[in-house]
Amino acid sequence: MKKVLFPVMLTFFFIPSQSQQNRLSEQAGKIISTNKIPGGYEFHLSNAWAKVTAYNATTIRVRVSKQKMTDDFSFAIDDLQPRGALTAGNMSGNTYSLSTDSLRVDIQTDPFRVVMLNYKGEELCSDEPSLGISWFGNQVSCYKKLHADEKFIGLGEKTGDINRRGNFYQNWNSDVPGYDLYRDPLYSTVPFFVGVHDKVTYGIFFDNTNKSYFNFGGGADEELFHFGADDGEMNYYFFSGPTVEQIIKDYTALTGRTPMPPLWSLGFQQSRYGYSSQQQLLEVAKTFRDKQLPADVIVSDINYMDNYKVFTWSNKYPDVKGMMNQMKQMGFDLVTIIDPGVKVEKGYKQYDEGVANNYFAKYPDGRNYIGHVWPGRCHFPDFTKPSAIAWWGKSFKEAYVDNGIRGFWNDMNEPAAWGREFPNLIEFGEGANKKTLFTVKNAYGLLMAKATYLGTKSLLNGQRPFVLTRAAYSGVQKYAAQWTGDNVSTDEHMLLGFRLLNSMGLSGVPFVGMDIGGFMGNPTPELFVRWMSLGAYTPFFRNHTAIDNNYREPWLFNDMNTARIKKILEQRYVLMPYLYSSFYQAHETGMPVNRMLAIDYTFDDRVYQSTYQNQFLFGCNMLVCPVASTQKILDVYLPGNTLWYRFSDNKKYEGNQPYYVASPLDDLPVFIKAGAIIPMQSVVQNTKEKGDGILYLHVWKGDKKTAFTYYEDDGETYQYEQGNYYKRNMLYDPLLDQLVIEKKEGSYSSRFNKVKIVLHGFDKFGGEVYDLKNEAIVISLK
């Protein structure tokens, strides 16, 4: 450690100027004039300008700015044009009444105040009477009335309890290795939440990428909550529901929905920071096959690069194309990490091209910004420039795509630099589109994911790329999966991880996961087995660890645990038809794969309790109950007025009550909803393997009609967008004791040629096998 000598100690005191001492907050003021505009109305206020427009019948946009608004922009939303219309009613007192067929917006004139009501006239959310929309300098805030029983869920990747009530959060994407259980902020920004009170629900998306804040009644004040940002407009979208499911549909209709993922990306992914040679990667892949442990992906962290330079390979990978040919013969894909930092080194292709074409972020004086990351001194791409996005995308061709690689992992994209924050004055864009890091930081991960996805998609000749990102902003689901960063090998972190994933799913990002076993630290064998058993019920299923930790391949935890892990991996692949069909629902509606119970059981107070808040639905029919590795008995809550079956033994449980259930390492508490229809397949070693050609259709006896939409496509291309898919609605009728597989939709031919019925809770087991013809199939369950 260096010694630093200070010959003279000087102390400086900051004395604010008189104007700073006297600076007060400022409110929007009263309405001076009103003007009809497309989709709604513009209001000239005494201290601001406001626009209230209908994006559609259940989505209202509110924009308020100190200046008259002449342009419009969003990093998250592709189409900002309003598609609905607000109809003006009669003015009553000082209130304008505007409406769609689904909600009413009351605009109070003095002071300007917005009150949102549903079509029944029930108040959903309203501005606080005196504060409303306020400024303190450039910082803008919106103060809302807080209802006595109000709960808040969402905000994406946020630690703590799922009910955000009573807490303060901020959004400033950060590199936070080994984050603690209540650390905030983390890596991503999704300023979207759902409010729940008095048997009504609503949602708000605050589309502002500056550093933002959400205070949900934290502190002593229980009469209001507020949200705001350090700069920019008060620009939010209001969703009237009436259910959480509908709010998610409307939010993802606005910000985008996930494309169908490559089927192989839903298989198990084996990763380690430390795989350092072509031979080692091939040996790991071969061992999976030799031990018949199902897997689809090997992941290569930064060790594959030449001195950590992106778009390069070290000399320990002498034949990348040959390596990939061997990988593919074993049924594996490779995912490679990519960071935004481009090493400052003349003669290095990406550096030379970036400098020559002004593709990097700059200081105000025009110098390229330099930050230190893995390669040393680096420049950082300016992803706000279309030219830089195109350049970045094309850079994947030679090193990756031409060698057969289809998976790309974006890391360090908060953006991160060692030992410092990026200065806020760093500039992005040019001309009228120029912005500083202050506005771009929270969107940088989204923009990098977009550049990676669009570029690799264009290079892959119709194949789907898999893109994974650490940092994100709303809308990232259009381009990438997301994982929760550098977690820790503890039971507490494992359980926290599921709260993070469930909140991310509710907030529009369905393809989510965490580092199984924890990135930092060494899990006990019991913790690793438990984490693997839970990981099988996450959309993104990857085992990953840091370079200084023990190796963590599934066969290194003794024979008994390897056998347990093999069973877990096999279960994941057996459930692949159900998982892929659940992704189709996410693609079509925005509904997440991992579903916080508050989505389906919004007004059941128990689902918010700390004892049960980790539980979630995997798809629409499977209830998963996370449990610590040391816990052999678990207190679970089975919601709803329905019957539930334990997945492992078909034991029945009445809903709407808690139970203590056994939770040994080889039997994770998972329950199936009565009436569930769950498609499964035979055990395969990877998603490219055909299996036995039989679709196993499991049905659990219930007392209500149920339905499930089964979906297939080729899992590789975008031909499903032209109708080349296979879809069948499946209907269970308990009164008729009948299962109907409706006529096939789409032009794709199923990879299954037969269907076998497996019954649970019925008088008979089933076992009948039918030809999977294209016409409707009616099956008696008597």
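Residues numbered from 1 in each chain as written. Predicted model: local features only at pLDDT ≥ 70, side-chain atom pairs only at ≥ 80, totals over all residues. Heavy atoms only, no water.

Caption draft 1: Geometry of the layout of surface pockets. For the largest pocket, the calculated volume is near 1200 Å³. Among the elements that line the lining of the largest pocket, the one with the most residues is strand 5 (residues 59-65), at four residues. Here the lining of the largest pocket is built from residues that sort into 14 nonpolar, 15 polar and 16 charged. Within this model, the second largest pocket holds a volume of roughly 390 Å³. In terms of lining residues, the second largest pocket is bounded by 14 residues, among which Tyr 537, Lys 567, Gln 571, Asp 666 and Asp 667 are the most central. Taken together, the residues of the lining of the second largest pocket sort by class into seven nonpolar, three polar and four charged. (1 Å grid on protein atoms, 1.4 Å probe; cavity = no way out; pocket = protein on both sides within 12 Å on 5 of 7 lines; lining within 4 Å. Points joined across faces, edges and corners; volume = space filled by probe spheres on them. Helix = DSSP H or I, 4+ residues; strand = E, 2+ residues; numbered from the N terminus. Nonpolar A, V, L, I, M, F, W, Y, C, P; charged D, E, K, R; others polar.)

Caption draft 2: Molecular detail of the nonpolar core. Of all hydrophobic cores here, the largest spans 213 residues; its most connected members are Phe 205, Trp 313, Met 323, Met 327, Tyr 400, Tyr 537 and Met 622. Looking at which element gives the most residues to this core, the answer is helix 8 (residues 437-459), with eleven residues. The contacts of Tyr 537, once residues within four sequence positions are left out, are Gln 571, Arg 572, Leu 575, Asn 594, Phe 616, Phe 618, Met 622, Val 624, Phe 647, Leu 668 and Val 670. Membership of the second largest hydrophobic core comes to 43 residues, among which are Ile 60, Leu 124, Tyr 169 and Tyr 202. (Core = buried A, V, L, I, M, F, W, Y, C linked by side-chain atoms within 4.5 Å. Buried < 20%, exposed > 50% of the residue type's maximum accessible area, 1.4 Å probe, protein only. Contact = heavy atoms within 4.5 Å.)

Caption draft 3: Quick peek at empty space enclosed by the protein. Taken as a whole, this structure holds one cavity of 30 Å³ or more when the rule is applied. The computed volume of the largest cavity comes to approximately 140 Å³. Around the largest cavity, the lining is made up of 18 residues, and of these Thr 258, Pro 259, Pro 261, Tyr 479 and Phe 511 lie nearest the centre. Residues of the lining of the largest cavity, tallied by class, amount to 15 nonpolar, two polar and one charged.

Caption draft 4: Geometry of unusual backbone geometry. Cis peptide bonds are those with omega within 30 degrees of zero, and the linkage from Asp 184 to Pro 185 qualifies with 0°. Here Pro 185 is to be found in the loop between strand 14 (168-171) and strand 15 (188-189). Cis geometry is found at the peptide bond from Gly 241 to Pro 242, where omega equals 20°. Here Pro 242 shows up in the loop between strand 20 (234-239) and helix 2 (244-255). Phi at Leu 155 takes a positive value of approximately 70°, unusual for a residue other than glycine. Mapping Leu 155 onto the fold places it in the loop between strand 13 (151-154) and strand 14. Judged by its relative accessible area of 1%, Leu 155 is buried. You will see that Asn 358, though not glycine, has its phi angle at about 60°, which is positive.

Caption draft 5: Here's a closer look at the packing of aromatic side chains. Under the counting rule described, the total for this entry stands at 78 aromatic pairs. Relative to Phe 227, the ring of Phe 214 lies with its centre 5.8 Å away and its plane at 20°, an arrangement referred to as stacked. Highlighted residues: Phe 214 in strand 18 (residues 212-215) and Phe 227 in strand 19 (residues 224-229), separated in sequence by 13 residues. The positively charged end of Lys 309 is found above the aromatic ring belonging to Tyr 348, 5.3 Å away from the centroid. Lying across the ring of Trp 172, Lys 441 places its NZ or CZ 5.5 Å from the centre. (Phe/Tyr/Trp six-rings, centres within 6.5 Å; stacked < 30°, edge-to-face > 60°. Lys NZ or Arg CZ within 6 Å of the ring centre and 35° of its normal.)

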